[in-house]
Every structure is written in structure tokens, then in C-alpha cells.
Amino acid sequence: MSDLQDRMKQAVAEAATEQIRSGMVVGLGSGSTAALMIQALGAKLKRGELTDITGVTTSFQGEVLAAELGIPLKSLNAIERIDLAIDGADEVDPAFQLIKGGGACHVQEKLVARRAERFVVVVDATKLVDTLNLGFLLPVEVLPGAWRQVQAELQALGGEAQLRMAVRKAGPVVTDQGNLVLDVRFAGGITDPAGLEQEINNLPGVLENGLFVGITDQVLVGEIAGDQPRVR
Ligand code: 5RP
């Protein structure tokens, strides 16, 4: 990641924490931008600028980070509501439709986003696209025993799916739920995200895919103007 991208991510992560108020239950996303947001939230709690915050994490990685920072956490089953969820994304189109799941966390991320009163997405300007999936592959979480079958079914839908492998191909990536991830490319990009989201989730063996449609309330974008980061 470039230094410029780091600065955009830092700026947008800090801007998002301005929306957090004392007493809120906050959904804490996953990935590097969300991690910066969690760090900024932890710092605000430490300085006493916020009190009585409950976090609901979307990954084991986020849970470890939030716990280290002293952010009180509860599980999705233990809370009555989520006031605000803040998360990153891999691609964002002009209608605020997203591809997520670059960190293989999209099952929990979608649960938390769906539950939240307000879902705010934090991205740097490199994530903005006109059409989804021309760049980033669409993650689909599948039961381990079903990956070949789902791969074939995705092919029938026009998608080329590959099993996500760990670095140096040491083995497949395993999600926090113990499942596998197929990364899928649809030739020409995804033209009907809402329809495809449902179609893929209807395939037996699929837990969830990384299309987030009709769920995002606001997208905060970190960019560089001149040589200074700013947020729009
Ligand atoms: C994880 C995600 C992340 O939010 C997404 O991959 C963006 O990550 P980053 O902020 O590191 O670019 O969906 O499953």
C-alpha cells in the first residue's frame, strides 16, 4: 500500500469516528481502514472524549484489536440494537453498491451492517468504480464440502471462480466460521448487483457473497487534495 493511500485511509477513519456518540452500540468493521477507525475510537475512549461505548466486531482480527484497546465488546446475540456500523469496502459504485470480503469477513460484516440503524462505509478514493467486479473479484463464502459444486454453479451463472489460497499457497484461506472463499470474476463486470446477490445466495452451499446492495447510508471517501488528505 502506498503512503498516499495510508494517509487517505487514516483521514477517513478518523472522520468516521466523529459520528460516534457516547452510549452508542457501534458495529466495528474489518480490514485496514476499519482497523484505523477502531484505533481512533480506542484513542477517543482513552482520552475520555467518548464514554459507554459497546462494540460489535465483524472478525476475530477486529475482536483482538478492540480488546487490546479496551473497547467493551458484545456479541450480535447479546445486543438489542446497533446504532451505527462503520466498515471498509473493496469497491464502491455510484449507487453505493459494494463489493466486500477482501478480508474474508463479509458474512459477519453483512450481519452487522444489516442490523445497524446507520451503515457508514469508509474508503480511500482508489475504491471508487463505475462498475463492480471489473477490478476486484467477488468473494463468496462456501461450505468446505461444497466448493467444487458451487464453483460449477457459478460457472453456469457466467462467473469464473477460483478458490482463495493463503499466501505462498500454503493451503486455502479459512474464514472465521471455518469455511472457504471462492473469488469470482464475471466478464464485463456485475451489471445487476441486486439480482446477482440473491442468485448466488440461493445456491446450496453458499453462506454469503460480498455484494452489499441497498444497505449503505453514507460513503466517506478519503482523498488527497494538493498534498493534503481530506474527506468528502
Ligand atoms: C473485509 C472487508 C474490508 O472492509 C475490505 O477488504 C477493505 O479492506 P481495506 O480497508 O484493508 O482496504 O470487506 O472482509
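Residues numbered from 1 in each chain as written. Predicted model: local features only at pLDDT ≥ 70, side-chain atom pairs only at ≥ 80, totals over all residues.

1. Overview of unusual backbone geometry
Now for step 1: Notably, Asp52 is not glycine yet its phi reads approximately 55°, a positive angle.
Now for step 2: Mapped onto the elements, Asp52 comes out in the loop between α2 (32-46) and β2 (54-57).
Now for step 3: For Asp52, a count of 11 C-beta atoms within 10 Å puts it in the exposed group.
Now for step 4: One non-glycine residue, Asn133, adopts positive backbone phi at about 80°.
Now for step 5: Secondary-structure assignment places Asn133 in the loop between β6 (116-124) and β7 (138-142).
Now for step 6: Judged by C-beta crowding, with 25 C-beta atoms within 10 Å, Asn133 ranks as buried. (Helix = DSSP H or I, 4+ residues; strand = E, 2+ residues; numbered from the N terminus. Buried ≥ 20, exposed ≤ 12 C-beta atoms within 10 Å, placed from the backbone.)

2. Notes on the site of the ligand
Now for step 1: Lining the immediate surroundings of the ligand are 18 residues, of which Gly31, Thr33, Gly88, Gly102 and Gly103 lie closest.
Now for step 2: Mapped onto the shell around the ligand, the elements with two or more residues apiece are α2 and α4 (106-115).
Now for step 3: When residues of the shell around the ligand are assigned to their parent elements, the largest contribution, three residues, is made by α2.
Now for step 4: Of the residues in the shell around the ligand, the class split is four nonpolar, 10 polar and four charged. (Near = placed C-beta within 6 Å. Nonpolar A, V, L, I, M, F, W, Y, C, P; charged D, E, K, R; others polar.)

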